[in-house]
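Descriptive analysis of the structure
The residues making up each chain are set out below.
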Amino acid sequence: MNLKPFADSPFQIRISFHLLIEQLEAKAALQNGMRAAMAREILDEIEPYPELRHGITDTEQLVKHAGIIKRLTADIFPEILTLNEIKAITVPFQDVLFNQTQRLQNILAAAGSAFDINIRDFTEHQIYVSTCCLILNEFYGTSFNFSRPWFYDIPDARGVMKHYRILYNADFMELMPAPNAPTLTPEDIDLLRDNYNDLELWKKYFPENSWILKGFAILTLFDATVENAVSSLKGTLLGSSYGSNVKENILDVFRSIYKIPDIDIGFTSFDDSENTFSVASFNPNLKSYLLPDGVEEECFDALCVRSLVSLVQEQTYFTISDVEHYVKEEPGNVMALRFLEQGIKSAILAPVVKNGHLLGIIELVSKRVGELNSINANQLEIVMPYITDTIDRQFSYIQNQIRAVIQNEYTTIHPSVYWKFRKEALKYITNHRIDKNYVLKEVTFHDVYPLYGQVDIKGSSESRNQSLQLDLRDQLTALIPLVEKIGGQDDSDIKLHVANLQELVMDVQTMLRADTEQQIQNYLELYIHPLLKLAVTQPAYKDEIDRYFEQADKQGDFHQNRRKYETTVGMINEKMAHLLDKAQIDAQAYYPHYYERFKTDGIEHNLYIGQSIAPAKPFDVSYLHNLRLWQLQMLCEMELEHHYLKNTLPYPLDVTSLILAFSLPMSIRFRMDEKRFDVDGTYNARFEIVKKRIDKAYVKGTTERLTSVGKITIVYSNHDEEVEYLKYLRFLQSKNMLEHDLEMLDVEDLQSVSGLKAIRAKIRYNTSLPVRRFYTYNELVQEATIIAF
């Protein structure tokens, strides 16, 4: 924290969070919903700190309450953006910064401990008069314009000075007169207006501490180093903040360069994830001449092939010096026809590229033939780097907003589908400016193929119960002689407790009920532990009782078997999850697909693949076949890893593996209430029903579980799926990943589901742990072709 004493000013500064707290109270009053519950939780946490509402005047108190302040302001300082945004809580014109984002902390740390942060060229005189002008404008209706860009100059770790523009948000501040505040007449205000430099006069009408400034401001910084460096542009190009009129700022520069008074500019955004053009998301008022109707289009629809190659692939300028002549040469050219309809006679299209990514296209247009051409297009080299930085900053700002919306409304999103959530978040931000009641739409992907698999810990419930039985038996057995000792021979209550404990020992050695553990713990807490706590005051029993309570602690001996079990499950889950997550990086390279996994007593995973998830990349069914083959190999590797891990586990737990084949495409939608994807539609729900029931199913007509240790079970419902998976299995047999015997099974009828079949394939363990090598579907096809030939 940077906590200097407050500078002299007319204000009694009380840093308060009362307006924010009032917002939370309004949310909490709704009495329902997650947001109301969260608001009530925060209000409960801050209740012991009334100074947060009434106001803090000592900067030392800010240090004391740093933790609770961070919790209180979590919504306006989202943790996911802490490495992106440069923000802090402050008071306007004061160098008091606290609750800093991690990025701001890193910037100040790099500057060194000797660095003293100050607003550039801002004297105490200016601070005092500026605050007085705030009062005059707010309470006396004046319009004194004292605004100017404020900057912090902060050196980086290499000693290079960087310049950060300061923005204040004072939505959470209130200004009010103190009892000793003088009342000003119009004559007094006129006198002040003409005597800016007379500080004593300003202090006469605005004595120190005569006004109360209560609340807090949000300070936001952005790196404006480039703006300062390009002095010739005088800040017109890069000094504009988000949402300002970027067109006017840049247009003056272009008109000066080209000496064409009526030259005009447009901008069209490019989205490489969907291969589409759209109007500028950061400023909808910035016209697109390529898209005069403002409708998003695929790039082939908006541009001709030649311009597409130049702009999108080669990322170079494209010019048309005579639009009418161009149309005569290419009568069907959509771009040229659109220009002609808008009265454009010559044009330059320039790609805006940042770090190798095309952000969009700057459109320079003229109403006269030949004024814009391939020769003067080169003059863009003077300003394009700065234009690019300007637009990139505008994009970055709105991307921050998009990320904030996604974080608040959707939580963590897999990268393969992030583009669609970003698109919906952008719609929300754009429409919310116009209609405050606009709500986020559900995100849906149609015609995707599901893949489901799991590596389940076999007998996990029985192992947990066994560990619980052993721990409870040891604890109760140790208690019996201890209770007998402290009770004496004639204590009937003690004898009753001993008998009860002996009965509980017998109970835990038989089948455990769901509530056995809870009942035993309740009995001990209500009757036995109070006896021990009374007896511990007697020196004869103190050591034994202390030792008992030490062993009864969660880290003590009476929990050792449960800890071993939980450690084992944790080790298995961690290893399996790590393998799956790491392999997914390579699998995504073949074709982007949605991936999610869950840790339970084992690892479950869902995969969804289809054109709607990656619209910019053509999809065909071979990508589905490749992912199914990858999934089979992945389960083989996870089984093999567990085989070698098993001997090192505290509990020797086995695992079983299962795949559910499903060949029909389906729709999935993101459930806003559960923050996860689910199948969309009644028919597709059958897939989810089978997923939930299949791992506990039996082989039809037997008492044998469908899943088996050392084998991969593939459940399917039709002949085509059987043929496809037999092809995969035989290929993996030829690669020595599976044994040669396969079991063809019928699955018992499940509730609402019948007719399922299964293949069981035995894992080949008698090999050394392989180096990761995933065979592709193309390799399978090639090998099958060679064999057939």
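Every value quoted in this text rests on a predicted model; they were computed, and no experiment measured them. (Residues numbered from 1 in each chain as written. Predicted model: local features only at pLDDT ≥ 70, side-chain atom pairs only at ≥ 80, totals over all residues. Heavy atoms only, no water.)

**A look at the overall build of the protein**
Which entries qualify depends on this criterion: Secondary structure follows DSSP: runs of H or I at least 4 residues long count as helices, runs of E at least 2 residues long count as strands, and numbering of each begins at the N terminus. Only protein chains enter the accessibility calculation, which uses a 1.4 Å probe; a residue is then buried when its area is under 20% of its type maximum, exposed when over 50%, and partly exposed in between. Note on contacts: a residue pair is in contact if any heavy atoms of the two residues lie within 4.5 Å. Computed by Shrake-Rupley with a 1.4 Å probe, the accessible areas treat only the displayed protein chains as cover when residues are assessed.
Helices and strands together make up the secondary structure of the protein, namely 26 helices and 24 strands. Burial status across the protein gives 48% buried among its 789 residues. Pairs at least 24 apart in sequence give 68% of the contacts found in the protein among residues at least 6 apart. As presented, the protein carries roughly 38500 Å² of accessible surface, and 51% of it is formed by carbon and sulfur atoms.

**Looking at the side chain of S16**
Keep this limit in mind: Counted as a polar contact is a pair of N or O atoms within 3.5 Å, where, for protein atoms, one must be capable of donating a hydrogen and the other of accepting one, and residues adjacent in sequence contribute only when both atoms are in side chains.
Tracing the backbone through its elements, the reader meets S16 in the loop between β2 (11-15) and α1 (18-28). Judged by relative accessible area, S16 falls into the buried class, the value being 1%. Side chain to side chain, S16 and H18 meet in a polar contact 2.7 Å long. Setting aside its immediate chain neighbours within four residues, S16 contacts L52, R53, G55, K214, G215 and F216.

**What to know about empty space enclosed by the protein**
The line we're drawing: The rule is simple: put a 1 Å grid over the protein atoms alone, call a set of points where a 1.4 Å probe fits but cannot get out a cavity, call an open set with protein on both sides within 12 Å along at least five of seven lines a pocket, and count a residue as lining if it has an atom within 4 Å of a point. Grid points are joined across faces, edges and corners, and a volume is the space filled by probe spheres set on the points. By the convention adopted, Pro, Cys, Tyr, Trp, Phe, Met, Ile, Leu, Val and Ala count as nonpolar, Lys, Arg, Asp and Glu as charged, and the other residues, Gly among them, as polar.
Inspection of every chain in the model, using the stated rule, returns four cavities of 30 Å³ or more. There is about 50 Å³ of room inside the largest cavity. Lining of the largest cavity is provided by L660, A661, F662, R686, F687, V690, S717 and L756. Here the element with the most residues in the lining of the largest cavity is helix α24 (residues 685-694); it accounts for three residues. Its residues placed into classes, the lining of the largest cavity shows six nonpolar, one polar and one charged.

**Looking at the side chain of K87**
Here K87 is to be found in strand β3 (residues 86-90). Within the structure, the side chain of K87 is placed 3.4 Å from the side chain of E85, a separation counted as a polar contact. If sequence neighbours within four positions are ignored, K87 has contacts with I76, F77, N99, Q100, T101, L104, I218, L219 and T220.

**Examining the packing of helix α18 (residues 460-487) against helix α20 (residues 516-535)**
As a reminder, the rule being used: Orientation is described by axes fitted as lines to C-alpha atoms, over the contacting stretch for helices, and by angles from 0 to 180 degrees between their N-to-C directions. Orientation is classified from the angle alone, with under 35 degrees giving roughly parallel, over 145 giving roughly antiparallel, 65 to 115 giving roughly perpendicular, and any other angle giving oblique. By definition, turning the near helix anticlockwise from the far helix through less than a right angle yields a left-handed crossing, and turning it clockwise yields a right-handed one.
Where α18 contacts α20, the axes come no closer than 12 Å and their chain directions differ by 30°. Classed by the angle they form, the pair α18 and α20 counts as roughly parallel. Relative to α20, α18 is oriented so that their crossing is left-handed. Where α18 abuts α20, its residues R464, L468, L472, Q475, L476, L479, L482, V483 and I486 lie against E517, I520, Q521, L524, I528, L531, L532 and A535. Classifying every residue of the contact of α18 with α20 gives 13 nonpolar, two polar and two charged.

**Focus: the sheet that holds strand β7 (residues 173-177)**
Strand pairing in a sheet relies on backbone hydrogen bonds. The paired strands run either parallel or antiparallel. Condition: The pairing criterion for strands is at least two bridges between them, as found by DSSP.
The mixed open sheet is built from three strands, whose spatial order is β2-β8-β7. Each having just a single partner strand, β2 and β7 make up the two edges of the open sheet. Going across the sheet, the axis of each strand differs from the next one's by a mean of 15°, ignoring polarity. When β7 meets strand β8 (residues 211-215), the two strands line up antiparallel, connected through five bridges. Opposite M173, over in β8, you have G215 as the bridge partner. Sheet strands touched by helix α7 (residues 124-139): β2, β7 and β8. Its angle to β7, the strand with the most contacts, is close to 85°.

**Let's talk about the layout of surface pockets**
There is about 480 Å³ of room inside the second largest pocket. What lines the second largest pocket is a set of 27 residues, among which Q454, D456, E604, D695 and K696 lie closest to the centre. Of all the secondary structure elements, the ones that give two or more residues to the lining of the second largest pocket are β16 (444-457), α18, β17 (594-600), β18 (602-609), β21 (676-680) and α24. Ranked by residue count, the leading element in the lining of the second largest pocket is β16, at five residues. When its residues are assigned to classes, the lining of the second largest pocket shows five nonpolar, nine polar and 13 charged.

**Looking at the sheet that holds strand β9 (residues 217-223)**
In spatial order, the strands read β3-β9-β6-β5; together these four strands make up an open sheet with antiparallel pairing. The sheet terminates laterally at β3 and β5 (151-155), the two strands that pair on one side only. Strand-to-strand, the axes of this sheet are offset by a mean angle of 30°, without reference to chain direction. Across the sheet, helix α6 (residues 102-111) lies against β3, β5, β6 (161-169) and β9, angled at about 55° from β5, the strand it touches most.

**Notes on the pairing of strand β19 (residues 655-660)**
In terms of burial, β19 is largely enclosed, as six of its six residues are buried. Here β19 shows two buried faces, one formed by V655, S657 and I659 and the other by T656, L658 and L660. Taken together, the six bridges between β16 and β19 define a ladder with antiparallel strand orientation. Its bridge partner being in β19, I457 is matched across the sheet by V655. Relative to strand β22 (residues 711-716), β19 runs parallel, the two sharing four bridges. Note that in β22 the partner of I659 across the bridge is I714.

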